[in-house]
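# Fold and contact review
Letter by letter, the chains look like this.
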Amino acid sequence: MNSSENKSPESNLEKRLKRQVIGKPHRFMAVVPLGFEETLVEELKYIGVECVQDCTANGNCAAGIKVAGDGKVEFTAKITEAWKAVAYSRIANRVLMEIATFKAENFGQLEKGVAAVPWELYLPSVILEAQSADRIQSFLNIHVTCKHSRLYHSDAVEERIRKNITPTDHASAPQHLYVNLQDDRCTLWLDLAGEELYKRGHERFVAEAPLKETIAAAMIFEASKIASTNNPKSTEGATPHLKASDASALITFIDPMAGSGTFSLEAAYIANGLIPGKCRDFALKHQPAFKEGTWNFILKGRHSETAAPLRHSEERSDEESTTNLLSIITSDISERPIDIINHNVEVSPLPADIINPQLKDFFSYTIEDFQKASSESARNIIILLNPPYGKRLAFDAPKLYTKIGLKLNEFKGAVIAILAPKDCTGNLLKACPALNPSNNPEAKLIETSHGGFSLNAIFARI
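Residues numbered from 1 in each chain as written. Predicted model: local features only at pLDDT ≥ 70, side-chain atom pairs only at ≥ 80, totals over all residues. Heavy atoms only, no water.

### With respect to the pairing of strand E6 (residues 94-103)
- Extensive coverage of E6 is indicated by the burial of eight of its 10 residues.
- Note that strand E1 (residues 26-31) and E6 share four bridges and pair antiparallel. In the sheet register, Val31 faces E6, and the bridge partner there is Arg94.
- Pairing geometry for E6 and strand E9 (residues 185-191), over seven bridges, is antiparallel. For Phe102, the partnering residue across the bridge sits in E9 and is Cys186. (Buried < 20%, exposed > 50% of the residue type's maximum accessible area, 1.4 Å probe, protein only. Helix = DSSP H or I, 4+ residues; strand = E, 2+ residues; numbered from the N terminus. Pairing = 2+ DSSP bridges.)

The following block contains the structure:
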């Protein structure tokens, strides 16, 4: 009798978790670098995130993954599909789960709505047992945005929410709750990631103004699409990440202004099947619904092939090196970035010989230098460029981007992916017309931002 009574509370919680969190579909929002929303939609489909129909009260249903605004992608699915996105996406910054939405025209309605949430289904017990708002604050980060609402004071909203998360033993990673008050309606989003997903779980030294891994991955994704779809030998409908089973899809990545080596490292991680899900901790692993067995199954599932699209065959394991399928040429004009890249490769789980940075000026390269490392021709070459801008640039910026554009004209047949500040994009496109979507229908320009600067990410085959 006592044994049964002791088990009943936990059993009851497990039943509620299965019924209300694990077993039913939820609305999710993936946060992505500005401008790369459609890129993330494609990546999530490629990963194999399976959605269900999202039906409104009037009977209208929408299925699939869709852009929901600047830097936002939404989908409705089971929570395990969102775990899959967290584990495999290289482009998303966060994945959030909607846990409640209610009308909140005043603080009374806000407090009532927050108090009605069954927090024991979403937050670790260490937070619910904190007993005070001050202790809750050390475990739970609340981020409030208010727009077109009577409740417009974000600090006051945060205070009311903390006070109404009712207390109900193990250590836990900090959790993040995102509160959106818009048009007098409050929506609560629980973050599944924890630290932003651009943090891959590997120690990394950085040079000044390093490129975020999520933007680097998105640019590799977009450039790879051009390399595969415009290659006359590639198979119809080739995946954006390329198929290693098709010999024409073997790619040489060129990272000639490497800085901290973010482009090179991302390309190497992809080629070697090193997915984020195996390399770091996540907030979702400390939430009540988490199941270790399910998580391990996700990491070993067939969608794990998406992590190593350059793999030689499906029989090779994630741990086996795949470096024979691509080469990466990494260089920088300064010695410090070379030392930083060597350190980053040394402390990473990558094969030691996959990235060998060289001290070399980008403007000294010729197309022949790249073709020597390429499997066949310039059509198998992707040149990834993150030139200096902002504080990193101590001289005439328009002149530099004109010079870069003129140099790129020499690399006929190669695919270019380059970041350029908006006020220098005109100089770049004038010097290299093949990058201009007005001249080249296959060229693509994505407006984005990084480090507080407005940038254009440009993709084209020269």
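Following the structure, the description resumes.
### Overview of the side chain of Ser228
- Mapped onto the secondary structure, Ser228 falls in helix H8 (residues 213-229).
- Here Ser228 falls in the buried class, since its relative accessible area comes to 3%.
- In this structure the side chain of Ser228 is engaged in a polar contact, spanning 3.0 Å, whose partner is the backbone oxygen of Lys225. (Polar contact = N/O pair within 3.5 Å; in protein donor to acceptor, adjacent residues only side chain to side chain.)

### Brief notes about the packing of aromatic side chains
- Per the stated rule, a full pass over the model turns up nine aromatic pairs.
- Residues Tyr389 and Phe453 carry aromatic rings whose centres are separated by 5.7 Å and whose planes lie at 75 degrees to one another, so their mutual orientation is edge-to-face. Separated by 64 residues along the polypeptide, Tyr389 in the loop between strand E13 (381-385) and helix H13 (397-408) and Phe453 in strand E16 (residues 453-461) bring together distant segments of the chain.
- Looking at Tyr389, the relative accessible area reads 4%, which means it is buried.
- Taken together, Phe362, Phe363, Tyr365, Phe370 and Phe411 form an aromatic cluster joined through their ring pairs.
- In this arrangement the basic side chain of Lys360 is found over the ring face of Tyr365, its NZ or CZ atom lying 5.0 Å from the centre.
- Positioned above the aromatic ring of Phe363 is the side chain of Lys403, whose terminal nitrogen or guanidinium carbon lies 4.4 Å from the ring centre. (Phe/Tyr/Trp six-rings, centres within 6.5 Å; stacked < 30°, edge-to-face > 60°. Lys NZ or Arg CZ within 6 Å of the ring centre and 35° of its normal.)

### Here's the deal with unusual backbone geometry
- Phi is positive for Asp183, close to 55 degrees, though the residue is something other than glycine.
- Topologically, Asp183 is positioned in the loop between strand E8 (175-182) and E9.
- Since its relative accessible area comes to 48%, Asp183 is described here as partly exposed.
- Residue Asp184 is not a glycine yet carries a positive backbone phi of 60 degrees.

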